[in-house]
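# Report on the structure
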Amino acid sequence: MDFQNLKEKFMQNADAGVAGEMHQYMKNKFLFYGYHTPARCKIYAENLKLEKKNKKIDWDLLNQAWNDPYREMQYFACDYLIALKKYLMFSDMDKIENFVRTKSWWDTIDSLIKPVGYLGLHDERVNDLMLKWSQDDNIWIRRFAIEHQLLRKDQMNTALLAKIIKNNLNSKEFFINKAIGWALRDYSKTNPHWVKSFINEYSEQLTPLSIKESSKYL
């Protein structure tokens, strides 16, 4: 896939009005072309189908996209990695870490967890890395670790989930406490008994926000 060609496609129907709304919604942190998700994904849907046939990740392309000033390009990189998650290797985690640590906000973090979560089901080295990340000074690295098992259902590693959350108890960071709540809430759909027991055991260390989020379906 040619990066410049991709940029030209985005520029063709850029919407300054929508871009301004997105810029404001994201706390004025990023520039936007002005594409909502369906329209954005349509631009490169066929390209991603072709990329899958290559059976390897084009990191040069992804780095170009990540370094671009427009947020849709980071969304493209996330969608690319999700589409080609089968080809992500543990040796790529340093590249993923760079994406997590740069241009960091909840939107990209919550997408990047998906390919890594898939990798973790097939490579146990991810478990130890996520434990390490759960104690990092960077809140986005910690949020990533907390959320990386989302949607695993019966494949959830509860021992790992518990350790990661315990490493982040008593946090004063909104995005950490929100992530704890989401991780527990998601798993409560599969194993409400485990989540109830965890909340009861650590109720004094979990923040009201985490308890509120995690209890939604209990």
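This write-up is about the structure you can find in this document. (Residues numbered from 1 in each chain as written. Predicted model: local features only at pLDDT ≥ 70, side-chain atom pairs only at ≥ 80, totals over all residues. Heavy atoms only, no water.)

## Here we look at the overall build of the chain
When helices and strands are counted, the chain shows 13 helices and 0 strands. Order of helices (α) and strands (β) in the chain, N terminus to C terminus: α-α-α-α-α-α-α-α-α-α-α-α-α. For the chain, whose C-alpha radius of gyration is 18 Å, the value lies close to the compact-globule estimate of 17 Å for 218 residues. Projected onto its principal axes, the C-alpha positions of the chain cover 55 × 40 × 30 Å. (Helix = DSSP H or I, 4+ residues; strand = E, 2+ residues; numbered from the N terminus. Rg over C-alpha atoms; globule rule 2.2 N^0.38 Å.)

## Focus on the packing of aromatic side chains
If you walk through the whole model with that rule in mind, you get 18 aromatic pairs. With a centroid separation of 5.2 Å and 65 degrees between ring planes, the pair formed by Trp-105 and Phe-175 is classed as edge-to-face. Remark: Phe-175 occurs in helix α11 (residues 174-188) and Trp-105 occurs in the loop between α6 (93-101) and α7 (106-120); sequence separation between them is 70 residues. One exposure class covers both Trp-105 and Phe-175, and it is buried. Judged by centre distance (5.2 Å) and plane angle (80 degrees), the rings of Phe-174 and Phe-175 are edge-to-face. A residue is classified by how much of its surface remains accessible, and Phe-175, at 18% relative accessible area, is buried. (Phe/Tyr/Trp six-rings, centres within 6.5 Å; stacked < 30°, edge-to-face > 60°. Buried < 20%, exposed > 50% of the residue type's maximum accessible area, 1.4 Å probe, protein only.)

## A look at the side chain of Glu-72
Here Glu-72 is to be found in helix α5 (residues 71-83). Only 3.2 Å separates the side chain of Glu-72 from the backbone nitrogen of Tyr-35, close enough to count as a polar contact. Once you skip the residues sitting within four places of it in the chain, Glu-72 turns out to touch Phe-10, Met-22, Leu-31, Phe-32, Tyr-33, Gly-34, Tyr-35 and Arg-40. (Polar contact = N/O pair within 3.5 Å; in protein donor to acceptor, adjacent residues only side chain to side chain. Contact = heavy atoms within 4.5 Å.)

## What about helix α9 (residues 139-147)?
Turn by turn, an α-helix covers 3.6 residues, leaving residues three or four places apart pointing in a common direction. Burial of α9 is extensive: 9 of the 9 residues sit out of reach of the surface. Taken as a whole, α9 has its buried residues at Ile-139, Trp-140, Ile-141, Arg-142, Arg-143, Phe-144, Ala-145, Ile-146 and Glu-147. Next to the buried residues of α9 lie α6, α7, α8 (125-133), α10 (158-166) and α11. Two to three positions downstream of the cap, the backbone nitrogen of Trp-140 sits 2.8 Å from a side-chain oxygen, assigning the N-cap of α9 to Asn-138.

## What about the environment of Tyr-80?
For Tyr-80, the location among the structural elements is in helix α5. In this structure the C-alpha to C-alpha distance between Tyr-80 and Phe-175, which are 95 residues apart in sequence, comes to 25 Å. Tyr-80 has contacts with Leu-48, Glu-51, Lys-56, Ile-57, Asp-58, Leu-61 and Leu-62, leaving out every residue within four places of it along the chain.

## So, the nonpolar core
The biggest cluster of nonpolar side chains holds 69 residues, and the ones touching the most others in it are Leu-62, Phe-76, Ile-96, Val-100, Met-130, Trp-133 and Phe-144. Summarising the domain contributions, this core has at least three residues from each of domain 1 (1-87) and domain 2 (117-217). If sequence neighbours within four positions are ignored, Phe-144 has contacts with Ile-96, Val-100, Ile-109, Leu-112, Ile-113, Val-116, Met-130 and Trp-133. (Core = buried A, V, L, I, M, F, W, Y, C linked by side-chain atoms within 4.5 Å. Domains from an automatic or database assignment.)

## Focus on the packing of helix α4 (residues 59-67) against α6
Two elements in contact, α4 and α6, have axes whose closest approach is 11 Å; the angle formed by their N-to-C orientations is 10 degrees. Considered as vectors, α4 and α6 are oriented roughly parallel to each other. Contacts between α4 and α6 pair Trp-59, Leu-62, Asn-63 and Trp-66 from the former with Lys-95, Ile-96 and Phe-99 from the latter. Here the residues of the contact of α4 with α6 sort into 5 nonpolar, 1 polar and 1 charged. (Axes fitted to C-alpha atoms, helices over the stretch in contact; angles between N-to-C directions. Parallel < 35°, antiparallel > 145°, perpendicular 65-115°, else oblique. Nonpolar A, V, L, I, M, F, W, Y, C, P; charged D, E, K, R; others polar.)

## Remarks on the state of the cysteines
Applying the stated criterion across every chain yields a total of 0 disulfides. Unpaired in this structure, Cys-41 has its nearest cysteine sulfur neighbour in Cys-78, at a distance of 11 Å. Here Cys-78 falls in the buried class, since its relative accessible area comes to 2%. (Disulfide = S-S within 2.5 Å.)

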